[in-house]
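Chains, contacts and geometry: an overview
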Amino acid sequence: MIDQQQGSDQRRESRRRSVGIVSFVAGLVVTLAFFAFFPGLPHVIDSGAIVVAVLAGTLTRWVCQDWMAKRSRENK
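Overview of the structure. (Residues numbered from 1 in each chain as written. Predicted model: local features only at pLDDT ≥ 70, side-chain atom pairs only at ≥ 80, totals over all residues. Heavy atoms only, no water.)

Some remarks on the packing of aromatic side chains
Tallied over the full model, the rule gives 1 aromatic pair. Relative to F35, the ring of F34 has its centre 5.5 Å away and its plane inclined at 70°; by these criteria the two rings are edge-to-face. By relative accessible area, which is 40% here, F34 ends up partly exposed. By relative accessible area, which is 21% here, F35 ends up partly exposed. (Phe/Tyr/Trp six-rings, centres within 6.5 Å; stacked < 30°, edge-to-face > 60°. Buried < 20%, exposed > 50% of the residue type's maximum accessible area, 1.4 Å probe, protein only.)

Have a look at this one:
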């Protein structure tokens, strides 16, 4: 019984980690694409755009993991 619960916890943590990585990369890419292709902005990715993209990716990861944690608490 305990082995099954530990296996379930490991799978949940592994899924949470992989979803966090994917959401971070998605936020980063979407923000960089916005700065690269939005009309009216200079089409140059500078250090400020990279910092903003990293912050947006981090925020996306945090929101996604928070949403997953709330969902897992509701299912218990």
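Observations regarding helix α2 (residues 47-75)
Here α2 is 29 residues long and its end C-alpha atoms lie 42 Å apart, about the 42 Å a rise of 1.5 Å per residue gives. When α2 is considered as a whole, its buried residues turn out to be A49, A53, G57, C64, Q65 and M68. (Helix = DSSP H or I, 4+ residues; strand = E, 2+ residues; numbered from the N terminus. Expected span 1.5 Å × (residues − 1).)

Section: the layout of surface pockets
Of the volumes computed, that of the largest pocket is approximately 350 Å³. R12, R15, M68, A69 and S72 are, among the 13 residues lining the largest pocket, the residues nearest its centre. Elements supplying a minimum of two residues to the lining of the largest pocket: α1 (2-37) and α2. For the lining of the largest pocket, the element with the highest residue contribution is α2, accounting for 7 residues. Classifying every residue of the lining of the largest pocket by side-chain character gives 4 nonpolar, 3 polar and 6 charged. (1 Å grid on protein atoms, 1.4 Å probe; cavity = no way out; pocket = protein on both sides within 12 Å on 5 of 7 lines; lining within 4 Å. Points joined across faces, edges and corners; volume = space filled by probe spheres on them. Nonpolar A, V, L, I, M, F, W, Y, C, P; charged D, E, K, R; others polar.)

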